[in-house]
Amino acid sequence: MQLSRLTDLGLRAMMRLAVGSAERERVTTRLIARQVRASERSVARVVAQLTELGLVAPQRGRAGGLRLTGPGREATVGWIARRLDGAFDTAECAGDRLCARGGPCQLRTALDEAREVFYRELDRYRIDDLVHRHIEIVPQPMSREIS
């Protein structure tokens with residue numbers, strides 16, 4: 001499964017805001033755009049959606065910027081991805097049209113179920129987990145080459 005570009009930008013923006021909040025740093029749309037190498041317009045669009053969802057709050061004025069809200073800190077990555085990705089079809093089927101194999105299309109059902117499993121896995125994480133969690137990387141033993 002793959003996240004949409006908009007969802008990817010939204011999650012990266014929220015992660016940047018989580019870091020900025022921890023450091024009490026002023027974070028703007030322009031700063032996020034520069035750091036994630038995206039257009040300011042794209043970042044502004046996703047920030048507007050995050051604001052509508054109540055996850056991000058803008059602060060106006062000279063010292064303004066963006067900050068995560070309480071719900072923004074508590075929302076799971078899966079919940080956020082579902083809202084930003086919206087309702088899209090994982091298979092391009094036309095309504096309830098029958099498949100070429102003669103019956104209802106099972107591909108759409110299978111892909112929809114896989115997408116939900118993907119989101120459920122993302123539900124295990126919150127933005128703060130992605131930013132502040134220490135992940136220990138266990139070194140793998142070197143494999144010996146067979147001559």
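Definitions and cut-offs
- Residues numbered from 1 in each chain as written.
- Predicted model: local features only at pLDDT ≥ 70, side-chain atom pairs only at ≥ 80, totals over all residues.
- Heavy atoms only, no water.
- Phe/Tyr/Trp six-rings, centres within 6.5 Å; stacked < 30°, edge-to-face > 60°.
- Buried < 20%, exposed > 50% of the residue type's maximum accessible area, 1.4 Å probe, protein only.
- Helix = DSSP H or I, 4+ residues; strand = E, 2+ residues; numbered from the N terminus.
- Expected span 1.5 Å × (residues − 1).
- Contact = heavy atoms within 4.5 Å.
- Salt bridge = Lys/Arg side-chain N within 4 Å of Asp/Glu carboxyl O.

### Focus on the packing of aromatic side chains
A complete count under the given rule lists 1 aromatic pair for this structure. Geometrically, the ring pair formed by F118 and Y119 is tilted, given 5.9 Å between the ring centres and 45° between the ring planes. Given a relative accessible area of 24%, F118 falls into the partly exposed group. For Y119, a relative accessible area of 4% translates into the label buried.

### What about helix α3 (residues 40-52)?
Note on helix geometry: an α-helix contains 3.6 residues per turn, so any two residues three or four positions apart are oriented the same way. Over its 13 residues, α3 runs 18 Å from end to end, which matches the ideal 18 Å to within 8%, given 1.5 Å per residue. Following α3 by one or two positions, G54 adopts a phi angle in the positive range, close to 80°.

### Overview of the side chain of T76
Here T76 lies in the loop between α4 (70-74) and α5 (77-85). When near neighbours in sequence (up to four residues on either side) are disregarded, T76 contacts L122, D123, Y125 and R126.

### Some points on the pattern of salt bridges
Counted under the stated rule, the structure contains 9 salt bridges. Ionic pairing is found between R5 and D8, a salt bridge with its closest N-O pair at 3.5 Å. Of this pair, R5 and D8 both sit in helix α1 (residues 5-22), 3 residues apart, which is roughly one turn of that helix. Given the relative accessible area of 21%, D8 is considered partly exposed. In this structure, R126 and E74 form a salt bridge, with 3.6 Å as the shortest nitrogen-oxygen distance. Of the two residues, R126 is situated in the loop between α6 (106-122) and α7 (127-132) and E74 in helix α4; the sequence distance between them amounts to 52 residues. What you see here is one network of salt bridges that share partners, running through R5, D8 and R12.

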